[in-house]
Amino acid sequence: MNSGTYRPLLTIAVAALIWLLAAGNPASGAPPDSPQILIKDFMFAPDSLTIKAGTTVTWANKDDEPHSVVSDTGLFRSGARDTDETFSFKFDKPGTYHFTCSIHPKMVGTIIVD
Amino acid sequence: MPDDKLLQSRRNALKCMAYGGAGTLFVLAGGVFTPVDLATAADEKPGIARLGRPLFVQISDTHIGFNKEANPDVNGTLTQTIDIVNAMAVQPALIIHTGDITHLSRPAEFDQAQQMFSRLRTTELHTVPGEHDTQDPTVTEYFNRFGRASDNKGYYSFDHAGVHFVALINVLQFKPGGLGTLGDEQLAWVVADLKARTSSTPIVVFAHMPLWTIYEPWGWGTGDADQLMQPLRRFGSVTVLNGHIHQIVQKVEGNVTFHTARSTAYPQPLAGEGAGPAPLKVPADQLRGMLGVTSVSVVKHPSSMMMTDTTLA
């Protein structure tokens, strides 16, 4: 490796490190204070959440089985999320949003946006 | 087979089932399943061959893409399944896959599965999707590959060797609480489809989720299946085949025999054991004894079907 490529790479690495430290939880792609709903033992926990408009909610699957998050009205559809995968959605408008897992439709939950 | 021999076989079969080992042969006679130990049956191959001709093999719940502890090598167990089918002395006329071809409805999983199915010596493959096959946001990955038979509806029928086959889809809408649904449009179609058949025509119905309620809290059933059973009752021989629950459960109701197949990927718990129908982790040396295929033969045309469940062990 010559010195011509070394410096830009170092700059990128340092920038990435600073970003990682600042972002807190970069893996989810959501703001660090984003409320989370865990999916575990075939349940959404919590199964009801009240948030302010403009908040991004992140669902995280902690089961060995894939799950999904699908809005009853078709507003969002996560697709299958495998173990440790997440899905985020930003709620812009006040209202009550029901969702279900389309693989295990017994699993249901509600987001209330003030 | 003489009666004493059959009795002996039944004893062996029960012994065999007690430790969950080798395959069991189910002979359907007078509406009652008679289990015969496959190990015994294997000793008398010519005799078994005379019992019927293999009509089709049912493969189910291959879950290509699954890679968790319950079976880190689902490609390996499907390969082994295909090897078993390819090694059958008389090849079945067709293969039926009762859904959950893939684990996450991803294109690469479907591609992998199709590539593996292309190794089957029997090239006629009929499929229905499972709920794991219809999770992509546009629900098109399954239909792009397997939708032609049904004109992308998911349900269709065909005839083979005097048997009428009906393929149904029950994973696109769910009843509140989680049971599968056939829906009014499909039910109207199946009523009309069956109307055109004589009562002596053997009927084979297949769908992914069980077409009778096995365990409602886990959604192991189909909410409007009663409306399907009504037009089926006049037929002399009806065989209903499903997957979804990764284990064998069966019942006989009049002339209708219900049977769910094992998965080729991983077992699931018995109904109600645990938080939900998650992959069941078993010791590695037990796994293959819980995976397998079902082969169905016509015994005494047109009235009897014989099912053989074979494990990978």
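Everything that follows concerns the structure shown earlier in this document.
What you see is a predicted model, and the numbers here were worked out from it, not measured in a lab. (Residues numbered from 1 in each chain as written. Chains lettered and ligands numbered in written order. Predicted model: local features only at pLDDT ≥ 70, side-chain atom pairs only at ≥ 80, totals over all residues. Heavy atoms only, no water.)

Peer 1: Would you explain the overall build of chain A in this entry?
Peer 2: Secondary structure assignment for chain A yields 1 helix and 8 strands. Seen in sequence order, chain A has helices and strands lined up from the N terminus as α-β-β-β-β-β-β-β-β. Buried positions account for 41% of the 114 residues belonging to chain A. Considering only residue pairs separated by 6 or more positions, chain A has 50% of its internal contacts joining residues 24 or more positions apart. (Helix = DSSP H or I, 4+ residues; strand = E, 2+ residues; numbered from the N terminus. Buried < 20%, exposed > 50% of the residue type's maximum accessible area, 1.4 Å probe, protein only. Contact = heavy atoms within 4.5 Å.)

Peer 1: What exactly am I supposed to notice about helix α7 (residues 184-195) of chain B here?
Peer 2: For α7(B), built from 12 residues, the straight-helix expectation of 16 Å at 1.5 Å per residue is met to within 8% by its first-to-last C-alpha distance of 16 Å. Those residues of α7(B) hidden inside the fold are in contact with β6 (156-160), β7 (163-167), β8 (203-206) and α8 (226-232) of chain B. (Expected span 1.5 Å × (residues − 1).)

Peer 1: Quick question: what am I supposed to make of the interface of chain A and chain B here?
Peer 2: Where interface size is given, it is often the accessible area lost as the parts come together that is meant. Between chain A and chain B, the residue contacts involve 17 residues of the former and 25 residues of the latter. When chain A packs against chain B, close to 1700 Å² is buried across both sides, 55% of that on carbon and sulfur atoms. Among the residues of chain A in contact with chain B, A:D64, A:R77 and A:K106 are the three that bury the most area, contributing 31% of the side total. In this assembly, chain A and chain B are joined by 3 salt bridges. Across the pair A:D64 and B:K281 runs a salt bridge, and its minimum N-O distance is 3.0 Å. For the pair chain A and chain B, the number of links is 7 residue pairs in polar contact (both at pLDDT 80 or more). Its residues assigned to classes, the side of chain A that touches chain B shows 5 nonpolar, 5 polar and 7 charged. (Buried area = accessible area lost by both parts, 1.4 Å probe. Salt bridge = Lys/Arg side-chain N within 4 Å of Asp/Glu carboxyl O. Polar contact = N/O pair within 3.5 Å; in protein donor to acceptor, adjacent residues only side chain to side chain. Nonpolar A, V, L, I, M, F, W, Y, C, P; charged D, E, K, R; others polar.)

Peer 1: How should the side chain of B:Q186 be read in this particular structure?
Peer 2: Inspection of the secondary structure assignment puts B:Q186 in helix α7. What B:Q186 contacts, discounting residues up to four positions off in sequence, is B:Y155, B:L168 and B:I169.

Peer 1: Mind showing me how you'd approach the environment of A:T55 here?
Peer 2: All names here are of chain A. Position of T55 among the secondary structure elements: in strand β4 (residues 55-61). Its relative accessible area of 19% is what places T55 among the buried residues. In this structure, the C-alpha to C-alpha distance between T55 and D33, residues 22 residues apart in sequence, is 9.3 Å. If sequence neighbours within four positions are ignored, T55 has contacts with P35, F89, K90 and F91. For T55, the side chain forms a polar contact with the main-chain oxygen of K52, separated by 2.6 Å.

Peer 1: Hey, could you run me through the environment of B:L120 in this one?
Peer 2: Residue and element names in this part refer to chain B. Looking at where L120 falls in the secondary structure, it is placed in the loop between α5 (107-117) and β5 (125-127). Here the alpha-carbon distance between L120 and F174, two residues 54 residues apart in the chain, equals 33 Å. When residues no more than four places from it in sequence are discounted, the contact partners of L120 are I82, V85, N86 and I95.

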